[in-house]
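An overview of the molecular structure
One-letter residues, chain by chain:
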Amino acid sequence: MRIFFLFLDGVGLGENDPDRNPFLSADFPALTSLTGGERWHKDLPRIDGERSIFVPTDACLGVAGTPQSATGQAAIMTGINVPLIIEEHYGPKPTAQIGTIIRRESVVKKLTARGINAGFLNAYPPGFFESVRSGKRLLSSNQLALQVAGVEMRGATALYSGRALSPDFTGENWRTHLGYSDTPIYEPYEAGKRLAELAAEHDFAFFDHWPTDYYGHRGSRKEIGEQLRNFDRVIQGLLDNWDDKTGLIVITSDHGNIEDLSVRGHTRNPVPTFVIGEGRHAFTDGLIDLTDFAERILAFYNS
Ligand SMILES: [Zn+2]
C-alpha cells in the first residue's frame, strides 16, 4: 500500500465570488469531481465522495498573521505546530530553528528509517544544485524533510528519461524559463498519468507543485485561469491512472494565495485537502489542520 503526496503551494479555498475566486471562473471537471460536483470555495463542508474525501483544512494553526511556506510545510512534514513554537508564520525558506525541527522530526525520515521506499518526483535543473551547494539557495522545508530522509533529489537526467517531472507538471518551464530546447513536454493529462506511474514505483512518493503560489503572487487573471485548466487536466490524468486499491493520493497545501484574485499575497483561508483511495476514511478521520498529516502517514503504514 502506497501514498502519493501531491503538495500544492499557495492554494486555499476562496470566497464564493467568481470575481475574486478563479476556481469559480470556469468548469473544472476533475477538480469538481473531488468535491461532489461543487466548485471549490470556502463555504463547502467536508465532502465524502465516491472516490475521495474533501476536508477544508486550517493552515493558520492558532497563530496571527498570514501563513507562510516554511512554517506551513514544516507543520505538514513533521506534525508539529511549528508556527506556534516560533510564534510566527515564516517563509518562504526555513530558519535555522525550523530546520532543526525538520531534521529531527521529518515524517519522511521516520518512514525511510523503517525501510519504507520514498521517492521525490520533482526534477531540478543543474543551476538549482549549484546554488544549493554554494550556499546561495536554502532548501525549502519540503525539500529539507526529504533530504534528511536520504531521498534523492532528481535532476535533468531524470527529466529527460521521464523519471521526474518539472514542478509545472508539463515541463514548459524548462523551455521558457531555463533555456532548454529539447526537454520533454507533456500534455497536462499525460503529466498526471506519468505522476501516477512514477508514484507506483515507491511506497511513499512526493511531488511539489509551487507555480500555484508563484501565479498567486504575480500572475494575471488569464494566466491563473490557464494554470487551473492545466491543473484540472493533470488531476484527471492522475485519477484515471490511479488504482484506489493500491493506496492513497493525498493532496493539500501550505496556505492560501491563488484562490483570491483581490490580494497578491497569502491568505488566512482554509486549504483544500483531498484523500483519494481505499483507506481514505481512516486517514481523514479527525483531520483538522496542517499538523494532522504526519501521524496519519505513519499510521497508514502500520495498518
Ligand atoms: Zn508565496
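Counting restarts for each chain: residues are numbered from 1 in the order of the written sequence. Reporting in this predicted model follows two pLDDT cut-offs: at least 70 for local features of residues, and 80 or more for side-chain atom pairs to be given and counted; totals over whole chains, interfaces and linings ignore these cut-offs and use all residues.

For the pair helix α11 (residues 211-218) and helix α12 (residues 221-240), interaxial distance at closest approach is 9 Å and the crossing angle is 165 degrees. The pairing of α11 with α12 is recorded here as roughly antiparallel in orientation. Where α11 crosses over α12, the two elements pack in a sense that is left-handed. Counting all contacts with α11, which are made through P211, T212 and Y215, the residues of α12 involved are E223, I224 and Q227. Between N-to-C directions, angles span 0 to 180 degrees; the directions come from axes that are lines fitted to C-alpha atoms, helices contributing only their stretch in contact. To qualify as a helix, a DSSP run of H or I must reach at least 4 residues; to qualify as a strand, a run of E must reach at least 2; elements of each kind are numbered from the N terminus. With respect to orientation, any angle under 35 degrees is reported as roughly parallel, any angle over 145 as roughly antiparallel, any angle of 65 to 115 as roughly perpendicular, and every other angle as oblique. Note on convention: near helix rotated counterclockwise from far helix by under a right angle means a left-handed crossing. Clockwise means right-handed. Note that contacts rest on C-beta atoms placed from the backbone: two residues are in contact if these are within 7 Å.

Axis separation between helix α10 (residues 188-199) and α12 bottoms out at 6 Å; the angle between their running directions is 40 degrees. As summarised for this structure, α10 and α12 are arranged oblique, according to the angle between their axes. Judged by the twist between their axes, the crossing of α10 over α12 is right-handed. Side by side, α10 and α12 meet where P188, Y189, E190, A191, G192, K193, L195 and A196 of the first sit next to N230, R233, V234, I235, Q236, G237 and L238 of the second. By residue class, the composition of the contact of α10 with α12 is eight nonpolar, four polar and three charged. Residues are grouped as follows: Ala, Val, Leu, Ile, Met, Phe, Trp, Tyr, Cys and Pro are nonpolar; Asp, Glu, Lys and Arg are charged; all remaining types, including Gly, are polar.

Tracing the backbone through its elements, the reader meets A199 in helix α10. Taking the number of C-beta atoms within 10 Å as the measure of exposure, A199 has 26 and is therefore buried. Sequence separation between A199 and F4 is 195 residues; the distance between their C-alpha atoms is 5.9 Å. Those residues in contact with A199, other than ones at most four positions away along the chain, are R2, F4, L121 and A205. Exposure classification rests on a simple neighbour count of other C-beta atoms within 10 Å of a residue's own: a residue reaching 20 or more is buried, one at 12 or fewer is exposed, and one in between is partly exposed. C-beta atoms are placed from the backbone.

Before going further, it helps to examine unusual backbone geometry. What you tend to see is this: most non-glycine residues have negative phi, and most peptide bonds are trans. At the junction of G91 and P92, the peptide bond is cis and its omega measures out at 5 degrees in the coordinates. Among the secondary structure elements, P92 is positioned in the loop between α3 (82-86) and α4 (96-105). Here E87, not a glycine, exhibits a phi torsion of approximately 65 degrees, which is positive. Relative to the elements of secondary structure, E87 occurs in the loop between α3 and α4.

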